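# Topology and contacts: notes
This is what each chain is made of:
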Amino acid sequence: MVNFSARFRTKDTNISIPDTVYSLNGNLGPKELSNLIKTVYKGTSPDTDSLSDGIRLSFIIDDRLLRSNLVAHFQEETEDGNEAGPIDEEKVLEIEYFINQKAPIPINSCSTDDWISCIDTNEAAIINGCYDGTVNIWKIGKFDQLISIPAHASAVKDVKWIPRQQMVGFDNLSENDYFFVTTSNDETVCVWKINLNEEKVDQIYLCKGHTRSVDCVDIQDDIFATGSYDALLKIWSLYDKEKPGDENEPVENSTKKFKTSDKEETDSSCKVKTPIMTLADHSEAISDLCFIRDSTDISKQGNLPTIIVTCSMDNTIKLWDVELGKVDSTLSGSKAFLSISYSPMKKCLISGSCDRHIRLWDPRSSEGSIVKSVFTSHQGWITSVNWSPTNENLFISGSYDAIVKQWDIRSNRGSLYDLIGHEDKVLSTDWSNPKYIVSGSADKHLKIYQNEC
Amino acid sequence: MEDKETVGESQVIRKDEDSQDSRESTSSSKPAQACENCKIFNLLWLDYQIFISTIILVIFQKSFAIFTNMDIELKADEIKFPNDQGRQVNVTNLTVDRMEVDSSDEEDIRNTVGNIPIEWYADYDHIGYDWDGKKIMKVEGDDGEVEDFLNKMEDPYYWRTVTDKSTGRKIILTDKDIDLIQRIRRGDVPDPNFNPYPEHIDTFSHEKSIHPVIEYNLRKAEFRASISEKRLISKYVSKIKNAKRLGLLKQHKKKDDERFSFNYDLWKKEGEIDHKRHKRHIPAPKLLPPGHEESYNPPPEYLFDEEELEKWKESEPDERKINFIPQKFEHLRHVPGYEKFVKERFDRCQDLYLCPRMRKNRVQVDPEDLIPNLPKPKDLYPFPCLLSLVYNGHTDKVRSVDVEPEGQFIVSGGDDSTCRIWEVITGRCFRTIQLDQPIKSVEWCPVKSKSLIIVASWTNVYIINPDIGNKSISLETDKLLQELVEKQKEETEALGTKTASYIEWIHVTKESDEDAWNQGIRCIIKHKFEVTQVTWHQKGDYFASVAPKGANKAVVIHQLSKSKSQVPFSKSKGIVSCVSFHPNKPLFFVATQKNVRIYNLAKQSLIKKLYSNSNSISSIAIHPGGDNAIIGCFDLRLSWFDLDLSDKPYKTMRYHKKGVRKVAYHKKYPLFASVSDDASTIVSHGRVYDDLNQNALIVPLKVLRGHQITDDLGVLDCCFHPKHPWVFSCGADGTIRLYTH
């Protein structure tokens, strides 16, 4: 058996151990290594209790997560084509360790009337759209149904909360006021206001322009973008800056109880919007889109170009420069894409497509393979992928095999955790709220998992 | 002390040192003296076996000598008897005479009493008479047991001392005698000088010897030249010399040349035409060897019974299987001469002479070479190969499925009388339209600007606006239909009364039937017979319906924009199984059960007929290019027709195990699929080249399974996604399945 000499490092100062070189047997796995670390840690700092027995540690060698024993790990690495680790015993391995990502805990399962097509969460509530055209809002904490709105005449395809910092454009804000956007199979996009305390929903805008079902929406700053089955990407403004005086009126007029709301009534009362920009370059339906937010700081963001990533059924991912209204770059795949997600921390894209592979793309690299790695363990199409909002290495994926998986990008040999519970195709997942992983499925159930960092 | 005895011509010399020995010798000398000439020994031995062996010993010793000479000479130079006292007994020239116990012929007749029991002389002191008539006296001392015992104790030769009964003398056996006895007892050859394993001399060996292996010496003459031969040779030599001298020899040679004229190259012409014939010599076909029926004693089953005989006699000679009647004979010699022999030989010769024979060229082909060099399926990617989605919802067999031209939705119809519209990506059933009768066929309008589905349900054809996808198009379609209604109203008003026709159009308006309207039904076209298939023209205005039982009115072409139907054919050409419009020319394909007729709709004429070699065509699909078509048959066949090439199939595939139900082409990818009752969908690559000289490339790619066989029906319909290499199939198990790449 090969022996390795290694040095252990950690970014977490609470669990750091003295910097010594250890000689490690090749058949040591993460379990043995964490026992080693714990023993050393207890010997050096016996007073603290940062590393209790229940805590498990993860190890990273050369930016790859250690899943098996050391020898097998290096074998796998060479198989994957990565630069192989040192088999010579002279070189000292730098092994980084950190406290393991805890398994998400299932905390609730909510039943809806129809298939769940889309989910979004913010700090206060979970919202989901159903195929019967209703939008359900669930309050975080108790997870009871707060409100159910018959929002659209046909299936709701996507729903998004408007981030809190971008709601400043709206007037008459109270503390519990939230805004969300819904897109639907009935070719419309609606912007809604909800007061979570009063359980009052108002339709603010009705956006018309698409000629087929609107499948995706994302919001950034004062604009939001929608992609549709008619292969068009439309950009809409969130507030009517041109007519600030008119803005208040329709909002007030449309204030009404959702129970009495009728499609025709909303059409007449709320303000009908038209897109400020229509971008056409895709040849087939746009299935998912997201803004590239390279900085969470809004002031800095202003200087940067606003970029939208769209993925389409025509096997391409396109990056659009909104200011110029042009396609910045195109990434081509071999299968129709179903979902995409961008991580501002990792500055990478992950995509789910009409096959069982999740692909990690680096949109910045123009040379060589832009697919950095492929994650395969699902058995069905990947309908939804979401980056972790806080951890740059984690993401989740939902698939038609009724399983939601949590992944670490440093290990494409398998997922970290499989969240099993759905009985039918998972159609949507969400991890916008770092604490909760939510998934919706064709079994008409919403599963909520608590994620502990 | 040395004692010398003379027995006849021989002497017995004994060297004794003991007194006892001398005493014994004196005692034994008495009878020896008494019967000096009587040299017959009576042998006495304790063991009978040794006694016998002793006899045999003697016989063997000099068996010939006995007959010739009565004496047996035992030549022993010196016999040494070792004993503890170191005494030696030298026995020289011991002569043993013939014994009494032998047969009378060979009897030793020194004792002349004859062959009588020796016991008769027990009371006398003699035991017989010699030739001279003197008594042969008994040897003394052989009756004393004490003496015997003492002898036994003291005489070291006691164990080898034998008493001759006929003379009563004691004889000490020599070492040679004992050796002989022991040899006999062992079963060896008695003669000690006989070597049972002599060295083998290989007289007739492989080695060449210079001398002949003969017993006699060669005569002198054999070494010398023969005088007579010498004379003969000299005679010949002189004759030749004479001939040479006279020149006779030369003359003779010249004559020979002229007579036989062998002075040319016999093989000069080899390789020329004459010899080519020999090279391509075709041996005459061999007659069959005689069979059992030709035997003189054939097995009984070969013999004719009366019926067969009658038949044989009635039939013409050429028609007969055999040209003789098998007969049975008791013996081969009873077989009479075959009277037809000469004639048959003659016929045979005539056959061989008159009948031209031809060389049959057998082509040596490697079977591997016959397999067309097809590209590997892997290289023809993408094509559907994985089951990705199952659309569950139908409660009975799904008969038909079709995709929206945009590819977002599919429509399906089945035996549960429902027409369902599904979202492709998610498998969500968006709409369910409940009709009254089972649905046989559905098809989405190929034009994107119209949102229409035609559904064949029993005798009705429904035109349905699914109201899905693009809303404005849906509204426009409704508007268009509304105009039609008004137009029809005007027409009927103008014409007055409605004429009863074969086909009846019933427009559904919101006012007339709200339920139907809300379901999307816009128009009902009533037929008299069950409609099995409906199909759109590419431009979305015309569509055709097939009602196979309608005879000459089986095929009806409907025009949407005029709400009218027409029956294009006045005569029925067979049961129509399916029809299809050409994708870009005004051609109309009508598949009957046996063949496919292609009509030009503009000229209203038949332009082509395709022969499928099948009796049960199930479906037809036209390549989007328009020059190729595939036909699926219920007898497992799938035929590819190149319309420019021939009216026969360019290629026929039989890869389905049960009848082919439906065939379909992909609009963009070079793919076609066929579905069958064996519950499998087979996807094949079918590339058509622009180059007219190049034939289409057909490669079967993948067998897609998943459907269950229900009521002996497997997959009933299939269609390709318009944009992706995906195929939808619907089956009797009530599911629709999507296979993707």
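Cut-offs used in this document
- Residues numbered from 1 in each chain as written.
- Chains lettered and ligands numbered in written order.
- Predicted model: local features only at pLDDT ≥ 70, side-chain atom pairs only at ≥ 80, totals over all residues.
- UniProt positions renumbered as here; feature names shortened; annotations may be inferred.
- Helix = DSSP H or I, 4+ residues; strand = E, 2+ residues; numbered from the N terminus.
- Buried ≥ 20, exposed ≤ 12 C-beta atoms within 10 Å, placed from the backbone.
- Pairing = 2+ DSSP bridges.
- Contact = placed C-beta atoms within 7 Å.
- Nonpolar A, V, L, I, M, F, W, Y, C, P; charged D, E, K, R; others polar.
- Expected span 1.5 Å × (residues − 1).
- Arc of directions from axis to C-beta.
- Axes fitted to C-alpha atoms, helices over the stretch in contact; angles between N-to-C directions.

### Considerations on the UniProt feature "repeat: WD" (unreviewed entry) in chain A
- Under the feature "repeat: WD" (unreviewed entry), the UniProt entry names residues 207-238, 308-330, 330-371, 375-417 and 419-453 of chain A.
- Secondary structure within residues 207-238 of chain A divides into 0% helix and 66% strand; the distance between the first and last C-alpha atoms comes to 10 Å.

### Here's the deal with the pairing of strand β20 (residues 542-546) of chain B
Residue and element names in this part refer to chain B.
- Of all 5 residues making up β20, 5 are buried, and the element is well covered by its neighbours.
- Neither face of β20 is open: one carries Tyr542, Ala544 and Val546, the other Phe543 and Ser545, and all of them are buried.
- Alignment of strand β19 (residues 533-536) against β20, held across 4 bridges, turns out to be antiparallel. Opposite tryptophan 536, over in β20, you have phenylalanine 543 as the bridge partner.

### Describing the environment of Asn297(B)
Residue and element names in this part refer to chain B.
- Within the element layout of this structure, asparagine 297 appears in the loop between α8 (273-279) and α9 (306-314).
- Look at asparagine 297 and you get exposed, because 12 C-beta atoms sit within 10 Å.
- Separated by 30 residues in sequence, asparagine 297 and glutamine 327 have C-alpha atoms that sit 7.2 Å apart.
- Ignoring any residue separated from it by four or fewer positions in sequence, one finds asparagine 297 in contact with Lys328 and Phe329.

### Describing the interface of chain A and chain B
- Chain A puts 11 residues into the contact, and the matching count from chain B is 11 residues.
- Tallied by class, residues from the side of chain A that touches chain B come to 7 nonpolar, 1 polar and 3 charged.

### Section: helix α1 (residues 30-44) of chain A
Residues and elements named next belong to chain A.
- Taking 1.5 Å per residue, 15 residues should reach 21 Å; α1 reaches 21 Å between its end C-alpha atoms and fits that length.
- Within α1, burial applies to Pro30, Leu33, Ser34, Ile37 and Tyr41. Projected down its long axis, α1 carries its buried residues within an arc of 95°, all on one side. In α1, the exposed residues that point more than 90 degrees away from the buried face are Lys31, Thr39 and Gly43.
- Where the residues of α1 are buried, they touch β1 (3-9), β3 (57-61) and β5 (92-99).

### Some points on the sheet that holds strand β4 (residues 64-65) of chain A
All names here are of chain A.
- An order of β2-β1-β5-β3-β4 is seen for the 5 strands of this open sheet, with the pairing classed as mixed. Edge strands, defined here as strands with exactly one partner in the open sheet, are β2 (21-25) and β4.
- Pairing geometry for β3 and β5, over 5 bridges, is antiparallel. Across the sheet, residue serine 58 finds its bridge partner in β5, namely phenylalanine 98.

### Focus: the sheet that holds strand β30 (residues 403-408) of chain A
Residue and element names in this part refer to chain A.
- Ordered by their spatial adjacency, 4 strands build an open sheet running β28-β29-β30-β31, and the pairing between neighbours is antiparallel. Both outer strands of the open sheet, β28 (382-387) and β31 (417-420), are each paired with one neighbouring strand and no more. Mean inter-strand twist for the sheet, computed between neighbouring axes without regard to direction, equals 20°.
- In this sheet, β30 lies alongside strand β29 (residues 394-399) in antiparallel orientation, the contact comprising 5 bridges. Bridging from a neighbouring strand, isoleucine 396 pairs with glutamine 406 of β30.

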